[in-house]
Every structure is written in C-alpha cells, then in structure tokens.
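Structural characterization, general
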Amino acid sequence: MTNDGRLPTDLFVDLDRSGPMPLYQQVATRIEDAIRSGEIPPGSRLENEVALGERLGLSRPTIRRAIQDLVDKGLLVRRRGIGTQVVHGPVTRKVELTSLWDDLARGDQKPATTLLAREDVPADERVATALGVVVGTTVTHIRRVRFAEDVPMAVLENYLPPGFADVTADDLAQFGLYQLLRARGVTMRVAKQQIGARSATHEESRLLEIDDHGPVLTMRRTAYDASGRAVEVGFHCYRPDRYSFEITLVDK
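First things first, this report covers the structure right here in the doc. (Residues numbered from 1 in each chain as written. Predicted model: local features only at pLDDT ≥ 70, side-chain atom pairs only at ≥ 80, totals over all residues. Heavy atoms only, no water.)

If you look at the biggest cluster of nonpolar residues, it comprises 23 residues, and the most contacted ones within it are Phe-12, Val-27, Ile-31, Ile-40 and Leu-76. Broken down by secondary-structure element, the contributors of at least two residues to this core are helix H1 (23-37), helix H2 (49-56) and helix H3 (60-72). For this core, the element with the highest residue contribution is H1, accounting for six residues. Contact partners of Ile-31, with chain neighbours within four places excluded, come to Leu-7, Phe-12, Ile-40, Ile-67 and Leu-70. Counting 13 residues, the second-largest nonpolar core is a separate cluster that includes Phe-164, Leu-180, Leu-181 and Val-231. (Core = buried A, V, L, I, M, F, W, Y, C linked by side-chain atoms within 4.5 Å. Buried < 20%, exposed > 50% of the residue type's maximum accessible area, 1.4 Å probe, protein only. Helix = DSSP H or I, 4+ residues; strand = E, 2+ residues; numbered from the N terminus. Contact = heavy atoms within 4.5 Å.)

So, about H3. Here H3 is 13 residues long and its end C-alpha atoms lie 18 Å apart, about the 18 Å a rise of 1.5 Å per residue gives. Of all the residues in H3, the buried ones are Thr-62, Ile-63, Ala-66, Ile-67, Leu-70 and Val-71. Phi for Gly-74, located one or two positions after H3, is positive at around 80 degrees. (Expected span 1.5 Å × (residues − 1).)

Before going further, it helps to spend a moment on unusual backbone geometry. Residues apart from glycine generally show negative phi values, whereas peptide bonds are mostly found in trans. One non-glycine residue with positive phi stands out, namely Glu-209, at about 60 degrees. Relative to the helices and strands, Glu-209 resides in the loop between helix H8 (202-208) and strand S9 (215-225). Glu-209 sits in the buried class, given a relative accessible area of 18%. Here His-213, not a glycine, exhibits a phi torsion of approximately 60 degrees, which is positive. Checked against the element boundaries, His-213 lands in the loop between H8 and S9. Overall, the relative accessible area of 46% leaves His-213 in the partly exposed class.

Let us now look at the sheet that holds strand S2 (residues 76-79). Reading across the sheet, the three strands line up as S1-S3-S2 and stay open at both edges, with antiparallel pairing between neighbours. At either margin of the open sheet sits one strand with a lone partner, and together these are strand S1 (45-46) and S2. Bridge count between S1 and strand S3 (residues 83-86): two bridges; the pairing is antiparallel. Within the sheet, the bridge partner assigned to Arg-45 lies in S3 and is Gln-85. Running at roughly 110 degrees to S2, H3 makes contact with S1, S2 and S3 of the sheet. (Pairing = 2+ DSSP bridges. Axes fitted to C-alpha atoms, helices over the stretch in contact; angles between N-to-C directions.)

Locating His-236 in the fold gives a position in strand S10 (residues 230-238). The class for His-236 is buried, based on a relative accessible area of 11%. Reaching out from His-236, the side chain makes a polar contact with the backbone nitrogen of Glu-157 at a distance of 3.2 Å. Those residues in contact with His-236 that lie beyond four places of it in its chain are Val-155, Leu-156, Glu-157, Asn-158, Leu-217, Thr-218 and Met-219. (Polar contact = N/O pair within 3.5 Å; in protein donor to acceptor, adjacent residues only side chain to side chain.)

Okay, the packing of aromatic side chains next. This model, assessed by the stated rule, comprises one aromatic pair. Residue placement shows Arg-65 over the ring face of Tyr-24; its charged tip is 4.0 Å from the ring centre. Geometry around Phe-235 places Arg-126 over its ring, the cationic atom sitting 3.8 Å from the centre. (Phe/Tyr/Trp six-rings, centres within 6.5 Å; stacked < 30°, edge-to-face > 60°. Lys NZ or Arg CZ within 6 Å of the ring centre and 35° of its normal.)

Have a look at this one:
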C-alpha cells in the first residue's frame, strides 16, 4: 500500500465483471482479505472512493457499498475531515465491572481522553436518585471523550457523590475514572447497568466523528462499593462501528 492510501492494484486484477457475485462484494472481499492478512496495516488511510473507482473502472456507488460493508464489519472507520481508515480492532466489552479505560489498556489500544467538563453542580432528581442523595446536593459532574488509537470511541458523562471533589481535571485527562476511585480506596463490588441505543445528538455526532444524528450504543451504570454506597453514576454513548457488548447467558 502506498503512502497516499492507494490500494495495491493487484488486489483487483481478477475481478469478474460478468460473474454472479456483485462487484461491490468482490471489492469488499479483497480489501477485507488484505486487512486481515496485514497487507493493509491498522491505521492505514484509504484513498477516496472517487479515486479508487476511477482506477478500477467502477462506479462510485459500487465502491461506496464495498467500503460500507467493511465499515459495518468494524474493519474500516469513516472520520470527518480525515477519510476512511483501517481500525486497530473494534472493542468488544464483556459486561463486567470494569471501565472503558481498563478495557482499552488491557487490549493495548492506547486510551486517551479529552476532558469536556469537570464541575461541581447541584444534583437533579435523576442523579440524586441514582446516587442516593438529596436533590440539590453538590455532586461532581464529569464529561469526557474517550479515544482509542486516536479514534473517538465514546462520550462519557459521570456524576460522583460528595467526597470526591478532589478529583481534578488533570487527573481525569491522564487516568481512567475507576483508576482514580481505586487510588482513593474505593472498592467497587456491584453495578446496575442498562444498555440501549438511540440517535446521537448533533454535538455527540461531532465529537464521535459520525454522521449527524447517527446511531449510538448507550449505557447507564450505577456502581456501588463494598458497603453498598453508590460511588458513581454514568450516562455514556459509544460508536456502534467500533464498540460492542458481550454477554454470556446461562440456562438455569
């Protein structure tokens, strides 16, 4: 693969333009094989659809559908202002009491954070109920974008109960929230969690570099320490092309 993102021409020399398999599927299959073999390495940026179509003598809709198939499989990601890029591997997260930072670090995906807000605010009814405090109690509000390999993965919003006001903006920019809580002696034992999906807001679409109002996975979690006290509540949204939850079901 060349430095300007041009795919090797020999990937496509045997396209069957009159066979039963659609051309977009043939193109997608060849790119997928090259990604999985390492011929096209993680992080590579692909040439744009128009240029690739012109080189192969194929229409832009054909190329676009091939690329979209690979985006849907989690092998490619489209980023605003950057183009199409080979991912470093989608994150499959087991539904366990870990943080996204922990999961990314464990998978050697170089987690990073952009801090959007760190402020002390009065708890509204939703947050107060989750944390077991009185409405209006001062709580710490945190909002961040989490990255993996420089690709935005999630917008994370958390509230901490009184007692954690010493968590600083510098701390949050460098470490995962659960790391910081553990460093303060918190032992998290159990959590209540809800997983869902919705359309992203305009701001979330911009932060996650996805189509405006595109779909996102959501998670709401309240974590409790060994004494049963709520130590954080989170309202998060994730890119579905880069993230999934894994659940093990057992028949009783």
